[in-house]
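Below, each chain spelled out in residue letters.
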Amino acid sequence: MGRYLLGRLALAIPTLIVVSVVVFVLQKLLPGDAATLMTADADLSAADLARIRAELGLDRSWPAQYLVWMWGVIQGDLGTSLNTKLPVLDVILDKLPVTFQLATMAILISIGVGVPLGVIAALRRGSAADYAVNFAGLSGLSIPPFWFGIMLILAFSVELNWFPASGYVSPFEDLGASLWTMLLPAIVLASENIAILMRHTRSAMLGVLKQDYVRTARAKGVFERLVVVRHALRNALIPVITLGAIEFGRLLGGAVLTEQVFTIPGFGKLLVDGVFTRDYPIVQGVVLVAACCYIALNFLADAAYAGVNPRIRAR
Amino acid sequence: MRRLALAAAFLAFAAPGFTPQAVAQPAQNTLRIGLTADPDVLDPALGRTLVGRMVFASLCDTLVDYNEKLEFVPRLAQSWEWSNDGRALTLRIRSGAVFHDGTPVDAAAVKASLDRARTMPQSLRRSELAPIAETVVVDPGTLRLELRSPFVPLLAQLADRGGMIVNAKPSEAAGTEFGRQPICAGPYRFAERVAQDRIVLQRFDRHWERDQYHFERVVYLPIPDATVRLANVQAGSVDMVERILPTDLPNARRDRRLKLADAVELGWNSIIINTNNGPKANNALKDKRVREALELSIDREILNRAAHAGEFVVGNQPFAPGNPYFASELRAQPRNVARARELLRAAGTPSPAFTLLVPNDTERNAVAQILQQMAREAGFDIRLQVVDFATSITMSQNGDFEAYLLSWSGRVDPDGNMHTFFHCQGSQNDSKFCDPRIDAALDRARTLSDVAERRKLYAEATAVLHDERPRIFTYHRKWFFAYSGRLTDFTANPDGMIRVRGLRWQQ
């Protein structure tokens, strides 16, 4: 088990290198660069542009640019944003807690709502409750987050004035206000995942409830609640944990639309703006950090299987 | 089980531990402004965005400024004087102005700042300030700018980022990182920046005009979505926002909590046609008659109504109606589909096809589709190629386009709306359209200070553009601002900037 996990860790480094190379090349394939954008609002001669490109290091060959960046990364320097001249590492460290908080709240809401709904739907299969849960779940999945977010803002911020319309408050400044401000965006983000988790929990539960050990437990006279929670749900949770970890990783990579609507200064907006303004160091930095999060979460999910399933623990 | 489900529902919808609290009202002395995007670097020499200029308006004083009638007014330069030959501009520097670190702003400091902007390798102001040959300190309160040749538009450059005075000593040490902690001489000093979240400025109590600034803090918050921006000012989460969409105006006008202000922009919107830039200049619009037919197929009023709820201003020139340089004698041709068809037949191409390059945003997407439909009635077959903004600029510069939807934010001096786009040597003349008559008029207008004379020359150049049509001007946007009903004394300026001077809460 330990060796298995160590092996997974060792695989992380080549993965990160491949990811950074691919992202670097993809960015370079986009037409234009940061210097091009400067001409949109300033009168620059060709000589001006050439000089600016040289200053920014954009005149070097692709491999040279990549290696300069990589050399910095190894030394813990993610470079400087071409657009704002702020250190990329500082910018990312500013966003990381924001994105982490949003993703955590969203995933907790998704699990807290999605898993119980899935269980209910499985236990009452074919009933009105099952259909109602499915309908609600699919609606959540189908509503565009952009629209849903704006509707929530109009209802709860503009009309009722319960929530601030957007923005971000650090939990270290004011925990209550922080959670409160982040609640609407977390609900929007969760609306999609609730359905996914619900569907998976439902089908996993249906599979497990047919198993012999469940029938045996019932035959022994174990309380139905214990059968469901201890025997069935625990086994059904394995695929759900994987899925939860993947979804959480996806959320950590940034939730562009939701962040945009609620003006949350997270990863998604940073990344998209970075791509559109050809701010290579920002994009490279964000992707690297997001990939690290993703790998770490997958690793944790592997470890968590062991927690819920003794068969894996023994391996 | 039921308990679990209930708890989950409670968690999701009731947020345990918190009762709905009214949105926190900020301290009376803070002004929160919602911007359309996060500004770029806060260094006037390197800044390239309009939203960046919004922040500079409070952070960095310029040498001169202009009011909503576009008349120049003093800032750090208390007065100025052109030499008779137009080759020297003498500035009297205001006494008592100091930088945010306490250093006095004198002629030597202004010289150092201008020299920095003129010579720093990455500076975007080098071309703008290139007419300056030398900066000469006459005495501590007087600076003379000696020019290579007469260049009247310089004053306008000094009212923009080119004339924002920074303390050059610390800026030299900081290099391009100066923008992390800018030291200017504006009414507000830099306090804090969290990328894509907020920029906080703190009132500078030693500013020479401190009594005109009534807020202790100004906070700039990027809110990219226009509808959300409006919702924020409606909900009281911010006090003022810029650029409300025309389609959101009815909603904003109904809201009694809000006040609105607007101004017609300095800039223009146009279709530029590749007449001379590389192989793609060999397109269906090569024939001047086809370009005329294209213009005749367009109804600018309908375009304005369909794409902008009739709230913008139709235009056929590089200057909006109302601008001192607008030539009212140059009228737009009304739509005439029959005549357009006739012209196309005469040109031997009854159904010309071309590709229109469109930067991807809601406004220009809508405009492009409406143009496509209107031109179709005259026989045109327009293919739309929608790409992201940076890509579109690159393609345009490389001549990789047949026609392109291009907007310009505009400049207070007419030269900034024309020279770089229409002069043969203009760095943004992506059509590479070249006409000696235009060059002569534009070059001469740079040397004159009389508005009437200049206006005549710009009208001459515009008349050539009207005849040759390397570009078809379509409309001018309006800047719409929405702000809390409790704010008073705001004036919208055609440059779209928010000047905090004089702005205050209603007593």
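You'll find the structure just up there.
The rules behind these values
- Residues numbered from 1 in each chain as written.
- Chains lettered and ligands numbered in written order.
- Predicted model: local features only at pLDDT ≥ 70, side-chain atom pairs only at ≥ 80, totals over all residues.
- Helix = DSSP H or I, 4+ residues; strand = E, 2+ residues; numbered from the N terminus.
- Buried ≥ 20, exposed ≤ 12 C-beta atoms within 10 Å, placed from the backbone.
- Contact = placed C-beta atoms within 7 Å.
- Axes fitted to C-alpha atoms, helices over the stretch in contact; angles between N-to-C directions.
- Parallel < 35°, antiparallel > 145°, perpendicular 65-115°, else oblique.
- Nonpolar A, V, L, I, M, F, W, Y, C, P; charged D, E, K, R; others polar.
- Left-handed = near helix turned anticlockwise from the far one by under 90°.
- Pairing = 2+ DSSP bridges.
- Expected span 1.5 Å × (residues − 1).
- Bend = angle between axes of the 7 residues up to and from the residue.

Undergrad: It is not clear to me how the overall build of chain A should be interpreted in this structure. Could you clarify?
TA: The number of helices and strands found in chain A is 15 helices and zero strands. Over its C-alpha atoms, taken along the principal directions, chain A stretches across nearly 85 × 55 × 35 Å. Looking at chain A as a whole, 45% of its 315 residues are labelled buried. Taking the intrachain contacts of chain A between residues at least 6 apart in sequence as the baseline, contacts between residues at least 24 apart amount to 72%.

Undergrad: Which parts of the structure should I look at to understand the packing of helix α8 (residues 145-159) of chain A against helix α6 (residues 226-235) of chain B?
TA: Helix packing geometry: the angle between the two helix axes and the distance between the axes. Contact pair α8(A) / α6(B): the axes reach a minimum separation of 10 Å and the direction vectors enclose 10°. By the angle between their directions, the pair α8(A) and α6(B) is classed as roughly parallel. Contact with α8(A), carried on its side by Ile150(A), Ile153(A), Leu154(A), Ser157(A) and Val158(A), involves Thr227(B), Val228(B), Ala231(B), Gln234(B) and Ala235(B) of α6(B) and no other residues of that element. For the contact of α8(A) with α6(B), the residue count by class is seven nonpolar, three polar and no charged.

Undergrad: I would appreciate a short explanation of the interface of chain A and chain B in the present structure.
TA: It is common to give the size of an interface as the accessible area lost on bringing the parts into contact. Across the boundary between the two partners, chain A contributes 58 residues, which contact 56 residues of chain B. Within the residue set of the side of chain A that touches chain B, elements represented by two or more residues are α3 (34-38), α4 (46-56), α6 (88-123), α8, α9 (175-209), α11 (224-252), α12 (256-262) and α13 (267-276) of chain A. Tallying contributions element by element places α6(A) first for the side of chain A that touches chain B, with eight residues. Taken together, the residues of the side of chain A that touches chain B break down into 32 nonpolar, 15 polar and eleven charged.

Undergrad: Would you mind going over the packing of helix α14 (residues 436-445) of chain B against helix α15 (residues 451-468) of chain B with me for this structure?
TA: Residue and element names in this part refer to chain B. At a minimum axis distance of 9 Å, the contact between α14 and α15 shows a crossing angle of 160°. Comparing their axes, α15 and α14 come out roughly antiparallel. The handedness of the crossing between α14 and α15 comes out as left-handed. Along its contact with α14, which presents Arg437, Ile438, Ala441, Leu442, Arg444 and Ala445, the element α15 presents Arg454, Leu457, Tyr458, Glu460, Ala461 and Val464. In the contact of α14 with α15, the residues fall into eight nonpolar, no polar and four charged.

Undergrad: Please explain the sheet that holds strand β17 (residues 403-408) of chain B as it appears in this structure.
TA: Strand pairing in a sheet relies on backbone hydrogen bonds, with the paired strands running either antiparallel or parallel. Residues and elements named next belong to chain B. Strand order in the open sheet formed by six strands is β14-β18-β13-β17-β15-β16, with mixed pairing between adjacent strands. Where the open sheet ends on each side, the last strands, each with one partner, are β14 (313-314) and β16 (381-387). Direction of pairing for β14 relative to strand β18 (residues 471-476): antiparallel, over a ladder of two bridges. Pairing of Val313 across the sheet is with His476, part of β18.

Undergrad: Explain unusual backbone geometry to me, please; I cannot follow it from the model alone.
TA: Among all residues save glycine, negative phi is the norm, and among peptide bonds the norm is trans. Residues and elements named next belong to chain B. One non-glycine residue, Arg469, lies in positive phi territory at about 55°. Here Arg469 shows up in the loop between α15 and β18. Notably, Asp489 is not glycine yet its phi reads approximately 65°, a positive angle. You can see Asp489 is positioned in the loop between β20 (487-488) and β21 (504-505). We classify Asp489 as exposed; it has 10 C-beta atoms within 10 Å.

Undergrad: Mind showing me how you'd approach the sheet that holds strand β11 (residues 240-241) of chain B here?
TA: Residue and element names in this part refer to chain B. Pairing within the open sheet is mixed, and its seven strands lie in the order β8-β9-β10-β1-β11-β19-β12. The sheet terminates laterally at β8 (188-194) and β12 (258-264), the two strands that pair on one side only. Taken together, the seven bridges between β12 and strand β19 (residues 478-484) define a ladder with antiparallel strand orientation. Along β19, the bridge assignment pairs Val264 with Lys478.

Undergrad: Help me out: how do you make sense of α8(A) in this one?
TA: For the α-helix, the turn length of 3.6 residues means that residues three or four positions removed from each other point alike. Residue and element names in this part refer to chain A. Helix length check: α8 (15 residues) gives 20 Å between terminal C-alpha atoms against 21 Å at 1.5 Å per residue, within 8%. Along its length, α8 shows its largest kink, about 25°, at Ile153. Where α8 is concerned, the buried positions are Phe148, Gly149, Leu152, Ile153, Ser157 and Val158. Asn161 sits one or two positions beyond α8 and adopts a positive phi of about 60°.

Undergrad: Got a minute to help me understand the pairing of strand β9 (residues 198-203) of chain B in this structure?
TA: Successive side chains on a regular strand alternate, one facing one side of the sheet and the next facing the other. Residue and element names in this part refer to chain B. When β8 meets β9, the two strands line up antiparallel, connected through six bridges. Its bridge partner lying in β9, Tyr188 is registered against Arg203. Between β8 and β9, which pair antiparallel in sequence order, lie three residues; one of them, Gln196, sits at a positive phi of approximately 60°. Note: β9 against strand β10 (residues 217-222), four bridges, orientation antiparallel. Within β10, the position partnered with Gln202 by the bridge is Arg217.

Undergrad: What exactly am I supposed to notice about helix α13 (residues 415-422) of chain B here?
TA: All names here are of chain B. Counting buried positions along α13 gives eight out of eight residues, so the element sits mostly inside the fold. Three or more residues of α13 are buried, namely Asp415, Gly416, Asn417, Met418, His419, Thr420, Phe421 and Phe422. The elements touched by buried residues of α13 are α4 (154-158), β13 (268-273), β17, α14 and α15.

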